[in-house]
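Okay, here's what each chain looks like letter by letter:
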Amino acid sequence: MKKAEMQVYKEQLLALRARLRGDVNQLADAALKKSRSEANGDLSSMPIHMADIGSDNFEQEFTLSLMENEGGTLAQIETSLERIEEGTYGQCEECGARIPKNRLNAIPYAALCIRCAEQQEQRL
Ligand SMILES: [Zn+2]
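Computed from a predicted model, the values in this text were never measured in an experiment. (Residues numbered from 1 in each chain as written. Predicted model: local features only at pLDDT ≥ 70, side-chain atom pairs only at ≥ 80, totals over all residues. Heavy atoms only, no water.)

Draft legend 1. Molecular detail of the overall build of the protein. Secondary structure assignment for the protein yields five helices and zero strands. The N-to-C order of helical and strand elements in the protein reads α-α-α-α-α. Partitioning the intrachain contacts of the protein with sequence separation of at least 6 by distance along the chain shows that 55% fall at a separation of at least 24. Carbon and sulfur atoms form 50% of the exposed surface of the protein, whose accessible area is close to 8,500 Å². (Helix = DSSP H or I, 4+ residues; strand = E, 2+ residues; numbered from the N terminus. Contact = heavy atoms within 4.5 Å. Areas by Shrake-Rupley, 256 points an atom, 1.4 Å probe, with all protein chains shown as cover.)

Following this line, the structure appears as structure tokens:
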């Protein structure tokens, strides 16, 4: 892939990373604040909208698992950015084939071509 083309994906990845980081921090913040106040039995220090977020553990677990997924995406974005620097971006990590652009447009942090991604899904 040409450098100029990589630059476009790099910008997309950086934008995506900034957005995910913001989201992850917010979610972590909400989940942590919630468990702290519950441990103290003190809800009065929380802003009202925080108290409304949820009153059972299920909701906290859901938030944390969502965070984990976003953390995984973040790691994939970091790897893709490294690969742009190395000049190997757009190549399948598994077989070395070129990842189609329409796939990269949909998932700029995709590390595998469609065939390898499908094979990996079947293994899981
Ligand atoms: Zn492949």
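Next comes the rest of the write-up.
Draft legend 2. Expanded view of the coordination of the zinc ion. Surrounding the zinc ion are the protein donor atoms Cys92 (SG), Cys95 (SG), Cys113 (SG) and Cys116 (SG), which sit 2.3 Å from the metal. Of note, the zinc ion draws all its donor residues from one chain, in the sequence arrangement C-x2-C-x17-C-x2-C. Note that cysteine 92 is positioned in the loop between helix 3 (57-86) and helix 4 (101-106) and cysteine 116 in helix 5 (residues 114-123), a separation of 24 residues in sequence. Residue classification places cysteine 116 among the buried residues on the basis of a relative accessible area of 6%. (Donors = N, O, S within 2.8 Å, 3.2 Å for Na, K, Ca; no water. Buried < 20%, exposed > 50% of the residue type's maximum accessible area, 1.4 Å probe, protein only.)

Draft legend 3. Highlighting the side chain of serine 80. The topology assignment puts serine 80 in helix 3. Judged by its relative accessible area of 3%, serine 80 falls in the buried class. In contact with serine 80, other than residues within four places in its own chain, are Leu13, Tyr89, Pro108 and Tyr109.

Draft legend 4. Representation of the packing of aromatic side chains. In total, this model carries one aromatic pair according to the counting rule given. On the basis of an interplanar angle of 45° and a centroid distance of 5.5 Å, the ring pair of tyrosine 9 and tyrosine 89 is categorised as tilted. Of this pair, tyrosine 9 sits in helix 1 (residues 3-40) while tyrosine 89 sits in the loop between helix 3 and helix 4, and the two are 80 residues apart along the sequence. Exposure class is identical for tyrosine 9 and tyrosine 89. Each is buried. (Phe/Tyr/Trp six-rings, centres within 6.5 Å; stacked < 30°, edge-to-face > 60°.)

Draft legend 5. Structural context of the pattern of salt bridges. For the structure on display, the rule yields four salt bridges. A salt bridge links arginine 17 to glutamate 78; the nearest nitrogen and oxygen atoms lie 3.1 Å apart. Linking arginine 17 in helix 1 with glutamate 78 in helix 3, this pair joins segments that are 61 residues apart in sequence. Overall, the relative accessible area of 27% leaves glutamate 78 in the partly exposed class. (Salt bridge = Lys/Arg side-chain N within 4 Å of Asp/Glu carboxyl O.)

Draft legend 6. Representation of the nonpolar core in the model. The biggest cluster of nonpolar side chains holds 19 residues, and the ones touching the most others in it are Leu13, Ile77, Tyr89, Cys92 and Leu104. The greatest single-element share of this core, amounting to six residues, is contributed by helix 1. With sequence-adjacent residues up to four places away left out, leucine 104 is seen in contact with Met1, Tyr9, Tyr89, Gly90, Ile99 and Ala110. (Core = buried A, V, L, I, M, F, W, Y, C linked by side-chain atoms within 4.5 Å.)

Draft legend 7. Fine view of the environment of leucine 112. When you line up the elements, leucine 112 lands in the loop between helix 4 and helix 5. On the basis of relative accessibility, which here comes to 10%, the residue leucine 112 falls in the buried class. Considering only alpha carbons, one finds leucine 112 and arginine 98, 14 residues apart in sequence, at a separation of 8.9 Å. Excluding residues within four positions of it along the chain, leucine 112 makes contact with Cys92, Glu93, Glu94, Ile99, Arg103, Ala117 and Gln120.

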